[in-house]
Amino acid sequence: MAFIPNMTVEIENLVANMLPFQKSYCEHRAAGHTQGEAAKRAGSISVGSAANRVGYQTESMPGSKDYIAWLES
């Protein structure tokens, strides 16, 4: 992964180890989508409350909330 300006090395390392789905999910969350909508846009086939659970679980993974916060800044 290329160096991202103003991102701490710790967050950069966590993002480098994320799956493409996780990165995409974080990018959609930072764009203002709900957990369920971000999960669907990132490629999840879950619908309704199941999509919300996918989003919740994705945000529970190390670095997800930090990456979302960084993208929002």
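Refer to the preceding data block for the structure.
On a predicted model such as this, the values are computed, not experimentally measured, just so you know.

Engineer: Sorry if this is basic, but what is going on with the overall build of the chain here?
Structural biologist: Broken down by element type, the chain carries five helices and zero strands. The secondary structure elements of the chain, listed N-terminal to C-terminal, are α-α-α-α-α. Here the C-alpha radius of gyration of the chain, 12 Å, is about what a compact globule of 73 residues would show, namely 11 Å. Projected onto the principal axes, the alpha-carbon positions of the chain cover approximately 35 × 20 × 15 Å. Residue pairs at least 24 apart in sequence account for 46% of intrachain contacts in the chain once pairs closer than 6 positions are excluded. Surface exposure of the chain reaches about 4,500 Å², of which carbon and sulfur atoms provide 54%. Charged side chains of the chain number 6 positive and 7 negative; the gap between the two group centres comes to 11 Å.

Engineer: Is there a simple way to explain the environment of S46 in this structure?
Structural biologist: Within the fold, S46 resides in the loop between α3 (35-42) and α4 (49-59). Along the backbone, S46 and G36 are ten residues apart, and their C-alpha atoms lie at a distance of 8.5 Å. If sequence neighbours within four positions are ignored, S46 has contacts with K40, A51 and V54.

Engineer: Got a minute to help me understand α4 in this structure?
Structural biologist: Note: α-helices contain 3.6 residues per turn, so residues at a spacing of three or four share the same orientation. Residues of α4 that are buried: A51, V54, G55, T58 and E59. The arc enclosing the buried residues of α4, seen along the axis, measures out at 130 degrees, which places them on a common side. Facing away from the buried surface of α4 by more than 90 degrees, the exposed residues are Y56 and Q57.

Engineer: When you look at the nonpolar core in this model, what are you seeing that I'm missing?
Structural biologist: General note: in soluble globular proteins, nonpolar side chains tend to be found buried as a group. Listed in full, the eleven residues of the largest apolar core are I11, V15, M18, Y25, C26, A38, A39, A42, V54, Y67 and I68. In terms of residue count, α3 provides more of this core than any other element does, three residues in total.

Definitions and limits used
Residues numbered from 1 in each chain as written. Predicted model: local features only at pLDDT ≥ 70, side-chain atom pairs only at ≥ 80, totals over all residues. Heavy atoms only, no water. Helix = DSSP H or I, 4+ residues; strand = E, 2+ residues; numbered from the N terminus. Rg over C-alpha atoms; globule rule 2.2 N^0.38 Å. Contact = heavy atoms within 4.5 Å. Areas by Shrake-Rupley, 256 points an atom, 1.4 Å probe, with all protein chains shown as cover. Lys, Arg positive; Asp, Glu negative; His and termini not counted. Charge placed at Lys NZ, Arg CZ, Asp CG, Glu CD. Buried < 20%, exposed > 50% of the residue type's maximum accessible area, 1.4 Å probe, protein only. Arc of directions from axis to C-beta. Core = buried A, V, L, I, M, F, W, Y, C linked by side-chain atoms within 4.5 Å.

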